[in-house]
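Survey of secondary and tertiary structure
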Amino acid sequence: YGKNAFYNCISAQEINYNSTCDVVKTPLSGEIFNNVGKENAVKIIFGKDVKNIPSYLFATIKSEDAINIDSIDFKTDKCLQIGEGSFINAKINKLELPEQISVFGSDTFKGSTISEITIKGNPEFLPDYMFYNCKNLQQIFIPESVKIIGVRCFAESGLISINLSENTQYIGKS
């Protein structure tokens with residue numbers, strides 16, 4: 001289901017994602033955008049009707065094949081969740097997530113090059129392995145709404161400073 005559908009589109013500059021598709025079948029059927037933007041980082045635009053970012057949409061198994069993301073623009077106010085493994089190994093620097101996104105699948109940014117992220121929404125749960133092995137991740141704003149931090153959520157990341165609110169009730173084993 002779509003594996004390597006846009007493989008090696010190294011000169012791509014923009015991806016306008018307007019699909020209302022909720023699922024990319026399995027982790028192995030990810031890799032849809034392998035090597036996209038290798039020459040120039042791509043801008044990703046999520047259209048006004050996007051309700052969910054499907055699991056494994058921008059995931060790659062090998063980091064050297066990862067999509068190179070310049071920026072992500074959310075034109076939608078309907079998108080409520082980012083699916084499991086959506087950005088595994090993605091090359092992305094900074095990301096600001098809009099307020100309405102408050103549900104994340106496990107492994108969301110696992111192995112990505114993200115260095116800074118702001119979560120504006122009010123999630124109660126940051127899932128297992130969400131930022132696992134994000135070596136460049138130095139800064140994250142964890143909203144006060146977060147009550148549970150999943151297993152190895154930030155393990156092997158590059159965090160310099162960690163601020164937990166008094167609302168955090170459970171932190172998973174690592």
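Coordinates for the structure precede this section.
Note that the coordinates shown come from a computational prediction; the quantities given were computed from them, not determined experimentally.

Moving on to the overall build of the protein chain. When helices and strands are tallied, the protein chain shows 0 helices and 12 strands. If you list the helices and strands of the protein chain from N to C, you get β-β-β-β-β-β-β-β-β-β-β-β. If you line up the protein chain on its principal axes, its C-alpha atoms span 45 × 30 × 25 Å. Within the protein chain, buried positions represent 48% of all 174 residues. Carbon and sulfur atoms make up 46% of the accessible area of the protein chain, which amounts to about 8,900 Å² in all. Distance from the positive charge centre (17 side chains) to the negative charge centre (20 side chains) of the protein chain: 4 Å.

Next up on the list: the sheet that holds strand β5 (residues 81–82). Reading across the sheet, the 3 strands line up as β3-β5-β7 and stay open at both edges, with parallel pairing between neighbours. Each edge of the sheet is formed by a strand with only one pairing partner; in this case those strands are β3 (52–53) and β7 (103–104). Here β3 pairs with β5 via 2 bridges, running parallel. The residue of β5 that forms the bridge with Ile53 is Ile82.

A separate point is the pattern of salt bridges. Tallied over the full model, the rule gives 7 salt bridges. Connected through salt bridges with shared partners, the residues Lys48, Asp49 and Lys78 form a single ionic network.

Turning our attention to unusual backbone geometry. The phi dihedral of Tyr56 is positive, around 65°, even though this residue is not glycine. Residue classification places Tyr56 among the buried positions, given a relative accessible area of 9%. A positive phi angle is found at Tyr129, which is not glycine, with a value near 60°. Inspection of the secondary structure assignment puts Tyr129 in the loop between β9 (125–126) and β10 (139–141). Residue classification places Tyr129 among the partly exposed residues on the basis of a relative accessible area of 27%.

Before going further, it helps to examine the nonpolar core. Judged by nonpolar contacts, the single largest core of 41 residues is most densely connected at Phe46, Ile67, Ile117, Phe131 and Phe154. Contributions of two or more residues to this core are made by β1 (14–17), β2 (42–46), β4 (69–74), β6 (94–97) and β8 (116–119). In contact with Phe46, not counting residues within four places along its chain, are Tyr17, Ile53, Leu57, Phe58, Ile72, Asp73, Phe74, Lys75 and Thr76.

Quick notes on the rules
Residues numbered from 1 in each chain as written. Predicted model: local features only at pLDDT ≥ 70, side-chain atom pairs only at ≥ 80, totals over all residues. Heavy atoms only, no water. Helix = DSSP H or I, 4+ residues; strand = E, 2+ residues; numbered from the N terminus. Buried < 20%, exposed > 50% of the residue type's maximum accessible area, 1.4 Å probe, protein only. Areas by Shrake-Rupley, 256 points an atom, 1.4 Å probe, with all protein chains shown as cover. Lys, Arg positive; Asp, Glu negative; His and termini not counted. Charge placed at Lys NZ, Arg CZ, Asp CG, Glu CD. Pairing = 2+ DSSP bridges. Salt bridge = Lys/Arg side-chain N within 4 Å of Asp/Glu carboxyl O. Core = buried A, V, L, I, M, F, W, Y, C linked by side-chain atoms within 4.5 Å. Contact = heavy atoms within 4.5 Å.

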